[in-house]
Amino acid sequence: MNWITNFVRPKIQAVLENKKDTPDNLWHKCSGCGQLLYLKDYLEVQSVCPNCGFHGRIDPKTRFKHLFNKGEHALIDLPKANEDPLKFKDQKKYTDRLKAARAKSESKDAISVAYGQIGNMNAVIAVQNFLFMGGSMGMGVGNGIIAAAEHAVAKKAPLVLFSAAGGARMQEGILSLMQMPRTTVAVEMVKDAGLPYIVVLTDPTTGGVTASYAMLGDVQIAEPNALICFAGPRVIKDTIREELPEGFQRSEYLLDHGMVDMIVHRHEMRDNLIQLLGLLMKQTKAA
Amino acid sequence: MLTYLDFEKPIAELESRIRDMNNLESGEEINIAEEVGRLEGKRDKLLRDTYAKLTPWQKIKVARHPQRPHFKDYVAQLITDFMPLAGDRAFADDVAIMGGLGRFNGQSVVVIGHEKGHDTQSRIKHNFGMARPEGYRKTVRLLKLAEQFDIPVITLVDTSGAYPGIGAEERGQAEAIARSTEACLGLKVPLVSIIVGEGGSGGAVALAAGNRVMMMEHSVYSVISPEGCASILWRTSDKAEDAANALKITAQDLLKLNVIDEIIPEPVGGAHRDHKLTMEAIRKTLETALSELSALSGDKLKTLRREKFLNMGQKMGQN
């Protein structure tokens, strides 16, 4: 960013805003550098800004497409969860929030699980969807992770989990908290079977999700610049009333503090996982 | 001097009148003993009635009552030969969580729990029961020690939550909590967990993934504090009382949801009014639970504990 981009960009925006006939979804403004990108081009590169490398949030469908061989995979049916066990209502009914999230995301809950080939191995990949109620972990997500673990064990395949969540789903109260031990048991099932459990932390991974299955990987990978934490920056700031260090709770900061093994660019994720899983599954390779 | 909660005002007034009466000298017109007896009867009834129908919000206040028994009180009354063990062997000793070896009814046990402190100085020392990663890593260490020597474990949960601080995050608060829950779930010795005051979120569950999970009658256990929930979902912490109702945080609600196994009764007027009676109730419950669990093999204990959590929330009616 320099004075030229700073100076020119607002003008471009002004032009766009005036042209009412321009569809809103034709452009994407990068949250990292503010550059306007053709949405189509942007989606083609898995929502990574070609200008600054900022990793935008993507849905499970896109992940599967770019991770599995030729994008081919089978979605695993997830057991239906006991919906709205508390009959929860804040300013809106929880059931209404669920309906809205389902309409918006075309998925039943904040996780999707798929099985397919990656390199010359089979793998189960579970992906959380931040667009579905902030990826929050309730019984539906818990069931998804358990189903993913069971499938991995049944197929003797590794489990790769992409986390993205604001934390536990408050609307399910204590039952959302109980997903912490439940998902921990799921992870243990995979480990007991001698299979790799790999976690890829994506933006954002916070709260009870980080404090359970998302930090229990045999290998912990993070996407660049993802917010990864237990307590969110605002909560900490309100508690200690101090400025937070630069880059605090971002992937690079966690790597420096020994909390993750590596940071991997989204475009290199597939190759990286193939290499890692091949090593852990002790696949031999000609020298 | 007893600290009265806001909804206990009528009780406080009665008790103050009883005290005044007791200080009076017997005159001719009134029989003091008779009058005191009458007031005490009234007070007892009021106390019983009030505590029989506490709202979730009132329960939070009871659970946070400064004179409620804390970890050190329970250990002093229930455990003999207690030897506190310190440190996570990596960074520090976090005394927001305390633990050690001791005897319960003559048998060796490992006891671990949050300590909130009872006055300003001790509250600061114990960080108000809000643990940092070192507290959870010490927990893992003590759980492994218990398993190594085949000693049952008792955990006493009383925290508003894990500490949200820069250092805590830098040293892996989330990972520490996850490992502590994992250690509880993998344990091959009996683990009995009691929510004695506040069970606040991940910082509580890290110590509470037990074979038996019990709650004191007026304790609370929640995924988020009602204040926090209200400020997120209602966008104002003024709605904390509504959030407390919606979240279902009382022992009675959690028993209905099959999240806990048992409610331990408290003396009339709450645990803070009679520590001794509270201890006796806990002692009885612990005796039964430990003797039942001690009959099971290590593998069985681990399998049953895992199944218990896997099945949680699954058996209720579908909508």
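## Some remarks on the domain arrangement of chain A
All names here are of chain A.
Then, number 1: On domain assignment, one finds that chain A holds domain 1 (1-54) and domain 2 (58-280).
Then, number 2: For domain 1 versus domain 2, the separation of C-alpha centres amounts to 29 Å.
Then, number 3: In this complex, domain 1 contributes 6 residues to the contact, which on the side of domain 2 involves 6 residues.
Then, number 4: Taken over both partners, the interface formed by domain 1 and domain 2 buries close to 610 Å², and the fraction arising from carbon and sulfur atoms is 55%.
Then, number 5: Summed over the shared surface of domain 1 and domain 2, the number is 0 salt bridges.
Then, number 6: On inspection of domain 1 and its partner domain 2, the count reaches 2 residue pairs in polar contact (both at pLDDT 80 or more).

## Notes on the environment of A:Lys40
Then, number 1: The residue A:Lys40 is located in helix α2 (residues 39-44) in this model.
Then, number 2: Spatially, the C-alpha atom of A:Lys40 lies 23 Å from that of A:Val127, the residues being 87 residues apart in sequence.

## Thoughts on the domain arrangement of chain B
Residues and elements named next belong to chain B.
Then, number 1: Here the domain parsing of chain B yields domain 1 (6-53) and domain 2 (60-311).
Then, number 2: If you average the C-alpha positions of domain 1 and of domain 2, the two centres end up 36 Å apart.
Then, number 3: Listed per partner, the contact involves 7 residues of domain 1 and 8 residues of domain 2.
Then, number 4: Buried area between domain 1 and domain 2, both sides added, is near 640 Å², and the carbon and sulfur share of it is 61%.
Then, number 5: The tally of links between domain 1 and domain 2 comes to 2 salt bridges.
Then, number 6: Salt-bridge contacts for Arg273 lead to Glu8; the nearest nitrogen and oxygen are separated by 2.9 Å.
Then, number 7: Along the contact surface separating domain 1 from domain 2 lie 3 residue pairs in polar contact (both at pLDDT 80 or more).
Then, number 8: It is helix α2 (residues 32-52) that provides the largest number of residues to the side of domain 1 that touches domain 2, a total of 3 residues.
Then, number 9: Of the residues belonging to the side of domain 1 that touches domain 2, the class tally is 4 nonpolar, no polar and 3 charged.

## Section: the side chain of B:Gln173
Then, number 1: With respect to the helices and strands, the residue B:Gln173 is situated in helix α8 (residues 173-186).
Then, number 2: Judged by its relative accessible area of 1%, B:Gln173 falls in the buried class.
Then, number 3: In contact with B:Gln173, not counting residues within four places along its chain, are A:Phe230, B:Ala131, B:Arg132, B:Pro133, B:Tyr136, B:Ala162, B:Tyr163 and B:Ala168.

## Here's the deal with the side chain of B:Thr250
Residue and element names in this part refer to chain B.
Then, number 1: Looking at the element boundaries, Thr250 is found in the loop between α11 (240-247) and α12 (251-256).
Then, number 2: Taking relative accessible area as the criterion, Thr250 reaches 6% and is therefore assigned buried.
Then, number 3: Of the polar contacts made by the side chain of Thr250, one reaches the backbone nitrogen of Asp253; its length is 3.1 Å.
Then, number 4: Setting aside chain neighbours within four positions, we find Thr250 in contact with Pro56, Lys59, Met215 and Ser219.

## Some words on helix α14 (residues 298-311) of chain B
Then, number 1: Its 14 residues give α14(B) an end-to-end C-alpha distance of 20 Å, which sits within 8% of 20 Å, the value for a rise of 1.5 Å per residue.
Then, number 2: Along α14(B), the positions that sit buried rather than exposed are B:Leu301, B:Lys302, B:Arg305, B:Arg306, B:Lys308, B:Phe309 and B:Leu310.
Then, number 3: Turning to α14(B), the residues buried within the fold contact α5 (139-155) and α7 (179-192) of chain A together with α8, β5 (191-200), β6 (212-216) and α13 (275-294) of chain B.

## A closer look at the packing of aromatic side chains
Aromatic ring pairs are defined here through the distance separating the ring centres and the angle between the ring planes.
Then, number 1: Under the counting rule described, the total for this entry stands at 5 aromatic pairs over all chains.
Then, number 2: Consider the rings of A:Phe248 and A:Tyr253, whose centres lie 5.5 Å apart with planes at 85°: the pair is edge-to-face. Of the two residues, A:Phe248 and A:Tyr253, neither departs from the other in class, the shared state being buried.
Then, number 3: The residue whose ring lies beneath B:Arg132 is B:Tyr163, and the NZ or CZ to ring-centre distance is 4.6 Å.
Then, number 4: Its end group placed over the ring of B:Phe309, B:Lys308 keeps NZ or CZ at 5.9 Å from the ring centre.

Calculation notes
- Counting starts from 1 at the beginning of each chain's written sequence and moves along it residue by residue.
- Working convention: letters from A go to chains and numbers from 1 go to ligands, in the order in which they are written.
- In view of the model being predicted, local features appear only for residues whose pLDDT reaches at least 70, and side-chain atom pairs are presented and counted only at 80 or more, with totals across whole chains, interfaces and linings using the full set of residues.
- Processing note: side-chain calculations cover all non-hydrogen atoms of the structure and skip hydrogens and water entirely.
- Each domain's limits were defined by an automated method or a database of domain assignments.
- The criterion used for residue contact is that any of the two residues' heavy atoms lie within 4.5 Å.
- Buried area is a sum: the accessible area each of two parts loses on coming together, probed at 1.4 Å, counted once for each and added.
- Salt bridges are counted wherever a side-chain nitrogen of Lys or Arg sits within 4 Å of a carboxyl oxygen of Asp or Glu.
- Here a polar contact is recorded for every N or O atom pair within 3.5 Å, except that within protein the pair must consist of a potential hydrogen donor and a potential acceptor, and residues adjacent in sequence are included only if both atoms are side-chain atoms.
- By definition, any uninterrupted DSSP run of H or I lasting at least four residues is a helix, any uninterrupted run of E lasting at least two residues is a strand, and each is numbered from the N terminus.
- Ten residue types, Ala, Val, Leu, Ile, Met, Phe, Trp, Tyr, Cys and Pro, are classed as nonpolar, four, Asp, Glu, Lys and Arg, as charged, and the remainder, Gly among them, as polar.
- Classification of residues uses two cut-offs on accessible area relative to the type maximum, computed with a 1.4 Å probe and protein chains only: under 20% is buried, over 50% is exposed, and between them is partly exposed.
- To estimate how far a helix should reach, multiply one less than its number of residues by 1.5 Å.
- Only the six-membered ring of Trp is used, alongside the rings of Phe and Tyr, when aromatic pairs are assigned; centres must lie within 6.5 Å, and planes under 30 degrees apart are stacked while those over 60 apart are edge-to-face, with the rest tilted.
- We call a charge positioned above a ring when the Lys NZ or Arg CZ atom is no farther than 6 Å from the ring centre and deviates by at most 35 degrees from the ring normal.

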